[in-house]
Amino acid sequence: MTVAELVPNNEALSPYRHFTRAEWASLRADTPLTLTLDDLVRLKSLNDPISLEEVIEIYLPLSRLLALYVAATQGLFKATQRFLGAEDGKVPYIIGVAGSVAVGKSTTARVLRALLSRWPNTPKVELITTDGFLLPNRILEAEKLMDKKGFPESYDNKSLLRFLSDVKAGRRNVCAPVYSHMSYDVVEGEASCVDRPDILIVEGVNVLLAPRMRDGREIPFVSDFFDFSVYLDAPEGVLERWYVERFRRLQQTAFRDPQSYFRVYADLDEAETTRVAKDIWTRINLENLRQNIAPTRPRASLILTKDADHRIEEVSLRKL
Ligand SMILES: Nc1ncnc2c1ncn2[C@@H]1O[C@H](COP(=O)(O)OP(=O)(O)OP(=O)(O)O)[C@@H](O)[C@H]1O
Ligand SMILES: CC(C)(CO)[C@@H](O)C(=O)NCCC(=O)O
């Protein structure tokens, strides 16, 4: 026997099964296409920049996999209810979507929502972002955390955990605070409520953080409530480019609104705008990516790796 035969290869040792785009796309085979071409076109017109090819090759196989996972989990729940002699209830299936600022989490979450709601056993799919659980600016300012927006310490983690635990407990009308990118702050008096969905998608930069210890006790974290999670990945340089492009686009549009927190940047020229965007990216978002977000990647059930054109080139699925 050769050494090569004795030592398992990397793929065998990895907790993930890796698929090229083409391999993954072929896993849609035999799935009845629950979407018509019209649905796909409508999805695209939701203002999401995603290509139809991406939906068909990446997101349809993923929605098929998730439909199977959800059905299996619902079956297990029914078995437990029967064992306990309990009345039929419903527990929402919770999916986390994690990854850097500007990687495209909102787009992925919205596409998944649209696709999953087409399956007969999960018609009601709701979506929240953890942005609403950011501490208000007045607290961030007082605690000198304005340059740490998106870092774990900038969230009201207790409220976020209570929200998730209430949803998981099957409570009706569980509400989350709302964040405005325009005012760059939590909106006082506004709420976004979910009412016993079949699936809840929770999108946010730090949703896969590992539980931490305090006084020798483990503090629960958001991902304790997840049944499945997706980490969106792209190289740092590419992420910076997407961030700067988006910032420059917003500088031409939303920043001109008198309500915009970034109104002060509305009159900058192109070079200055790029410099400001790169500075915010490097000081805050890249730092957060390196310190907090990227280290959570190995905790995801699925990793989607994008190339510079937002095309998902590799899919890694955790072996169960
Ligand atoms: N599949 C895609 N194809 C092309 N462009 C995309 C795709 N997904 C996202 N983008 C673009 O990338 C940028 C970031 O996308 P999005 O706002 O969804 O990111 P995000 O991860 O939710 O960001 P943030 O954490 O900053 O809210 C946007 O400018 C968006 O237009
Ligand atoms: C709200 C977050 C943290 C995540 O969505 C992000 O969009 C953000 O505001 N980051 C702080 C630095 C910046 O303004 O880009």
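All values reported here derive from a predicted model rather than from experimental measurement.

## Brief notes about the overall build of the chain
Piece 1. Counting its regular elements, the chain contains 10 helices and 11 strands.
Piece 2. Here the C-alpha atoms of the chain give a radius of gyration of 21 Å, agreeing with the 20 Å that 2.2 N^0.38 yields for 320 residues.
Piece 3. Structurally, the chain occupies a C-alpha span of about 60 × 50 × 50 Å along its principal axes.
Piece 4. Classification of the 320 residues of the chain by burial places 46% in the buried group.
Piece 5. Counting contacts in the chain only where the partners sit at least 6 residues apart, residues at least 24 apart contribute 72% of the total.
Piece 6. Split by element, the accessible area of the chain, about 16,900 Å² in all, is 53% carbon and sulfur.
Piece 7. Separation between the mean location of the 43 positive side-chain charges and that of the 45 negative ones in the chain comes to 3 Å.

## Quick notes on the site of ligand 2
Piece 1. Lining the immediate surroundings of ligand 2 are Val101, Asp131, Leu134, Lys149, Gly150, His181, Tyr184, Tyr243, Phe262, Ile280, Ile284 and Asn285.
Piece 2. Separating an oxygen atom of ligand 2 from a side-chain N or O atom of tyrosine 243 is a distance of 2.6 Å.
Piece 3. Within the side chain of asparagine 285, an N or O atom sits 2.9 Å from an oxygen atom of ligand 2.
Piece 4. Starting from 380 Å² of accessible surface for ligand 2 in isolation, the protein chains cover 91%.

## Some details on the environment of serine 159
Piece 1. Checked against the element boundaries, serine 159 lands in helix H8 (residues 157-168).
Piece 2. Remark: the alpha-carbon pair of serine 159 and proline 15, spanning 144 residues in sequence, is separated by 32 Å.
Piece 3. A distance of 2.6 Å separates a polar atom in the side chain of serine 159 from a polar atom in the side chain of aspartate 156.

## Description of the site of ligand 1
Piece 1. What surrounds ligand 1 is a group of 15 residues, the closest being Gly104, Lys105, Ser106, Arg246 and Arg249.
Piece 2. The separation between an oxygen atom of ligand 1 and a polar main-chain atom of lysine 105 is 2.7 Å.
Piece 3. Serine 106 is positioned such that a nitrogen or oxygen atom in its side chain is 2.4 Å from an oxygen atom of ligand 1.
Piece 4. Compared with its free state, where it exposes 630 Å², ligand 1 has 82% of that area covered by protein.
Piece 5. At the level of secondary structure, the elements contributing two or more residues to the shell around ligand 1 comprise helix H6 (105-116) and helix H9 (236-252).
Piece 6. Here the shell around ligand 1 gets three residues from one element, more than from any other, and that element is H6.
Piece 7. Taken together, the residues that form the shell around ligand 1 break down as five nonpolar, five polar and five charged.

## Here we look at the environment of glycine 85
Piece 1. One can find glycine 85 in the loop between helix H5 (52-84) and strand E2 (93-99).
Piece 2. What makes glycine 85 exposed here is its relative accessible area of 63%.
Piece 3. Taking the C-alpha atoms as reference points, glycine 85 and serine 154, 69 residues apart in sequence, are found 43 Å from one another.

## Quick notes on the UniProt feature "binding site: ATP" (unreviewed entry) in the chain
Piece 1. As annotated in UniProt, the feature "binding site: ATP" (unreviewed entry) corresponds to Gly99, Ser100, Val101, Ala102, Val103, Gly104, Lys105 and Ser106 in the numbering used here.
Piece 2. One can find valine 101 in the loop between E2 and H6.
Piece 3. Taking relative accessible area as the criterion, valine 101 reaches 19% and is therefore assigned buried.
Piece 4. Beyond its immediate stretch of four places on either side in the chain, valine 101 contacts Val205, Leu239, Tyr243, Arg246, Trp281 and Asn285.
Piece 5. Relative to the helices and strands, serine 106 resides in helix H6.
Piece 6. Exposure remark for serine 106: the relative accessible area of 33% places this residue in the partly exposed category.

Thresholds, definitions, all that
- Positions within a chain are numbered from 1, following the residues in the order the chain's sequence is written.
- As a convention, the first chain written is A and the first ligand written is 1, with the rest following in written order.
- Local features are withheld for residues below a pLDDT of 70 in this predicted model, meaning they are given only at 70 or higher, and side-chain atom pairs are given and counted only at 80 or more; totals for whole chains, interfaces and linings count all residues.
- Each side-chain value is derived from all of the structure's non-hydrogen atoms; neither hydrogens nor water enter the calculation.
- Counting from the N terminus, the helices are DSSP H or I runs at least four residues long and the strands are E runs at least two residues long.
- Radius of gyration: C-alpha atoms only; globule rule: 2.2 Å multiplied by the number of residues to the exponent 0.38.
- Burial classes: relative accessible area under 20% of the type maximum marks a residue as buried, over 50% as exposed, and values in between as partly exposed (1.4 Å probe, protein chains only).
- Residue contacts are defined here by distance: any two heavy atoms, one from each residue, within 4.5 Å place the two residues in contact.
- Here, Shrake-Rupley sampling with a 1.4 Å probe gives the accessible areas, and only protein chains in the shown set may cover a residue.
- A positive count includes Lys and Arg, and a negative count includes Asp and Glu. His and the chain ends are not counted in either.
- To locate a charge, the coordinates of NZ of Lys, CZ of Arg, CG of Asp or CD of Glu are taken.
- Here a residue counts as near a molecule or strand whenever at least one of its heavy atoms sits within 4 Å of it.
- Nitrogen and oxygen atoms within 3.5 Å of one another constitute a polar contact, given that in protein one can donate a hydrogen and the other can accept it, and given that sequence-neighbouring residues count only through two side-chain atoms.
- Amino acids are sorted into nonpolar (Ala, Val, Leu, Ile, Met, Phe, Trp, Tyr, Cys and Pro), charged (Asp, Glu, Lys and Arg) and polar (every other residue, Gly among them).
- UniProt positions are given in the numbering used here, feature names are shortened, and annotations may be inferred rather than shown by experiment.

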